[in-house]
Number of protein chains: 2
Amino acid sequence: MKMLEDRILKDGIVAQGDVLKVSSFVNHQIDVPFMCKLGEEFYRLFKDSGINKILTIEASGIGIACLAAQYFGVPVVFAKKSKTSNISNDVYTAKVPSFTHGNISDIVVTKDFLTKDDKVLLIDDFLANGCALLGLKAICDEAGAEVKGAGIVIEKAYQGGGDKLRAQGVRVESLAMIESMEDGKIVFRK
Amino acid sequence: MKMLEDRILKDGIVAQGDVLKVSSFVNHQIDVPFMCKLGEEFYRLFKDSGINKILTIEASGIGIACLAAQYFGVPVVFAKKSKTSNISNDVYTAKVPSFTHGNISDIVVTKDFLTKDDKVLLIDDFLANGCALLGLKAICDEAGAEVKGAGIVIEKAYQGGGDKLRAQGVRVESLAMIESMEDGKIVFRK
């Protein structure tokens with residue numbers, strides 16, 4: 001999506017440790033009018049897939065998931081990163097290592113909110129090694145919900161997570177696919 | 001807001017420890033079409049306040065903040081609960097005890113994303129003892145940003161956080177105000 005690639009080139013910062021910082025418009029400050037356009041694009045891509053629920057993971061997936069969900073007219077469920085006192089024990093769980101934080105989280109989804117009747121679109125801001133998305137996929141599998149696809153804002157294609165998801169039969173649509181970030185230069189896959 | 005009060009009575013669960021669970025539509029599963037109506041209501045209430053930024057806190061404030069922000073046409077900034085490797089060191093911070101988790105978090109906002117030119121609407125799903133909102137207010141004060149108001153989905157009025165914010169001169173608009181939850185019975189303040 002050209003407007004997203006242009007924005008990444010304008011405002012994205014390649015930081016140490018192979019990190020692409022887009023915190024000025026994606027995942028700390030959220031440029032909501034801009035992200036609405038991305039949400040509309042996800043709708044265009046998946047509107048014929050019978051989606052009745054969007055599943056994402058806290059925290060930075062929630063904004064784009066909600067903005068996309070309004071075009072589908074469906075609820076969002078966000079997986080939480082640890083058990084809290086107001087989540088019931090009746091949850092689906094998966095273990096997810098975090099690329100950013102360098103730790104492993106349990107992600108949890110209350111069973112009431114994901115069932116075998118659900119046709120799910122996974123949405124997240126980033127797809128890198130794929131651990132978060134594979135965790136969400138595993139939770140859907142456990143619930144018997146059908147994953148109809150994954151909508152990703154930025155895929156770091158060279159980290160292989162997208163390939164793993166596609167190998168599991170998931171239709172992955174990434175609005176920007178980064179081929180490489182060597183020497184701070186962002187190259188997109190065409 | 002009657003539609004919200006009705007929904008809380010229908011789907012809210014009063015749980016042990018004075019917890020109101022609205023996780024089926026507010027803060028685990030998010031009923032996006034419903035929350036859009038709440039976002040529109042925040043816009044109706046604050047549209048003449050010159051808001052140019054919405055500030056919330058991860059994770060459960062992000063959805064309603066983004067859905068409201070689109071009506072204002074402004075960005076959302078969400079305070080993060082701990083420093084991660086992709087936030088710069090140049091941040092405003094406040095300490096916030098969590099009612100739900102029973103611990104204390106540092107919340108941080110990158111200085112680039114909050115300045116003395118900002119007219120800020122604080123948005124959150126819950127206002128109870130007010131610690132989160134007072135932390136956001138303190139961060140705005142430190143940044144020199146002007147807090148034009150706070151939009152809250154559910155205020156547990158008997159916990160006093162709203163009063164503390166109002167005593168600091170903040171215009172607090174809560175779409176549902178709970179007067180009491182004794183014996184599992186939810187009573188709204190009129």
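For the structure, check the block above.
Residues numbered from 1 in each chain as written. Chains lettered and ligands numbered in written order. Predicted model: local features only at pLDDT ≥ 70, side-chain atom pairs only at ≥ 80, totals over all residues. Heavy atoms only, no water.

**Points about the environment of B:Ile104**
Residue and element names in this part refer to chain B. We apply this condition: Secondary structure elements follow DSSP: runs of H or I no shorter than four residues count as helices, runs of E no shorter than two count as strands, and numbering proceeds from the N terminus. A contact between two residues is defined here by any heavy atoms of the two lying within 4.5 Å.
Its place among the elements puts Ile104 in strand β7 (residues 104–110). Separated by 23 residues in sequence, Ile104 and Lys81 have C-alpha atoms that sit 9.4 Å apart. Not counting residues up to four positions away in its chain, the partners in contact with Ile104 are Lys95, Val96 and Pro97.

**Quick word on the interface of chain A and chain B**
Note the cut-off: We define a salt bridge as a side-chain nitrogen of Lys or Arg found within 4 Å of a carboxyl oxygen belonging to Asp or Glu. In protein, a polar contact means a hydrogen-donor-capable atom and an acceptor-capable atom, both N or O and within 3.5 Å, with residues adjacent in sequence counting only if both atoms are side-chain atoms; elsewhere, any N or O pair within 3.5 Å suffices.
On the chain B side, the residues contacting the 39 residues of chain A number 39 residues. At the junction of chain A with chain B, the criterion picks out zero salt bridges. Linking chain A to chain B there are eleven residue pairs in polar contact (both at pLDDT 80 or more). Residue assignment for the side of chain A that touches chain B shows that the elements contributing at least two residues are β2 (19–21), β3 (29–30), α2 (32–46), α3 (61–72), β5 (76–79) and β7 (104–110) of chain A.

**As for the sheet that holds strand β4 (residues 53–57) of chain B**
Rules: Strand pairing follows a simple DSSP-based rule, namely that at least 2 bridges must link the two strands. Every angle, taken between N-to-C directions, lies between 0 and 180 degrees, and every axis is a line fitted to C-alpha atoms, over only the stretch in contact when it is a helix.
Ordered in space as β3(A)-β5(B)-β4(B)-β8(B)-β9(B)-β10(B)-β11(B), the seven strands form an open sheet in which the pairing is mixed. In this open sheet, the two edge strands, each paired with only one partner strand, are β3 of chain A together with β11 (187–188) of chain B. Two elements, strand β9 (residues 146–156) of chain B and strand β10 (residues 172–180) of chain B, share six bridges in a ladder whose sense is parallel. Residue pairing across strands places B:Ile152 opposite B:Ser174, the latter belonging to β10(B). Together, β8 (119–127), β9 and β10 of chain B form the strand contacts of helix α2 (residues 32–46) of chain B, whose direction differs from that of β9(B) by roughly 140 degrees. Across the sheet, helix α3 (residues 61–72) of chain B is in contact with β3 of chain A together with β4, β5 (76–79), β8 and β9 of chain B; its angle to β4(B) comes to roughly 175 degrees.

**A few points about the nonpolar core**
Stated precisely, the cut-off is as follows: The nonpolar core is taken to be a set of buried Ala, Val, Leu, Ile, Met, Phe, Trp, Tyr and Cys residues, with the residues joined through side-chain atoms within 4.5 Å. Think of it in three bands: with a 1.4 Å probe and only protein chains considered, a residue is buried below 20% of the maximum accessible area for its type, exposed above 50%, and partly exposed in between.
A:Leu4, A:Ile8, A:Leu20, A:Ile54, B:Leu4, B:Ile8 and B:Ile54 are the most contacted members of the largest nonpolar core, which totals 79 residues. Once residues lying within four places of it in the same chain are set aside, the contact partners of B:Ile8 are B:Leu20, B:Phe25, B:Ile154, B:Ala176, B:Ile186 and B:Phe188. Residues B:Leu55, B:Leu136, B:Ile139 and B:Leu165 belong to the second largest nonpolar core, which totals 28 residues.

**Notes on the sheet that holds β5(A)**
The seven strands lie next to each other as β11(A)-β10(A)-β9(A)-β8(A)-β4(A)-β5(A)-β3(B), forming an open sheet whose pairing is mixed. Strands with a single pairing partner mark the edges of an open sheet, and in this sheet they are β11 (187–188) of chain A together with β3 (29–30) of chain B. Here α3(A) sits on the sheet and contacts β4 (53–57), β5, β8 (119–127) and β9 (146–156) of chain A together with β3 of chain B; the angle it forms with β4(A), its principal contact strand, is near 175 degrees.

**Some thoughts on the relation of the copies chain A and chain B**
Think of it as a corkscrew move, a rotation about one axis and a shift along it, taking one chain copy to the other. This is how it is decided: Copy-to-copy alignment: least squares on C-alpha atoms, limited to residues at pLDDT 70 or above in both.
Expressed as a screw operation, the relation of chain A to chain B combines 0.0 Å of axial shift with a rotation of 180 degrees, fitting to an RMSD of 0.0 Å. A rotation of that kind, with that shift, is consistent with a two-fold axis. In this assembly, 100% of the residues forming the interface of chain A have copies in chain B that are likewise at the interface, indicating an isologous arrangement.

**With respect to the packing of aromatic side chains**
Aromatic rings considered in pairs are described by the distance between their centres and by the relative angle of their planes. Residue and element names in this part refer to chain B. Put simply, the test is: Stacked, tilted and edge-to-face pairs are distinguished by plane angle, under 30 degrees for stacked and over 60 for edge-to-face with tilted covering the rest, among Phe, Tyr and Trp rings (Trp via its six-membered ring) whose centres lie within 6.5 Å.
Within the structure shown, the criterion is met by four aromatic pairs over all chains. Ring geometry for Phe25 versus Phe34: centroids 5.8 Å apart, planes at 85 degrees, classification edge-to-face. By relative accessible area, which is 0% here, Phe25 ends up buried. With 5.0 Å between their ring centres and 85 degrees between their planes, Tyr43 and Phe72 make a pair best called edge-to-face. Remark: Phe72 occurs in helix α3 and Tyr43 occurs in helix α2; sequence separation between them is 29 residues.

So yeah, pure geometry; function would need other evidence.
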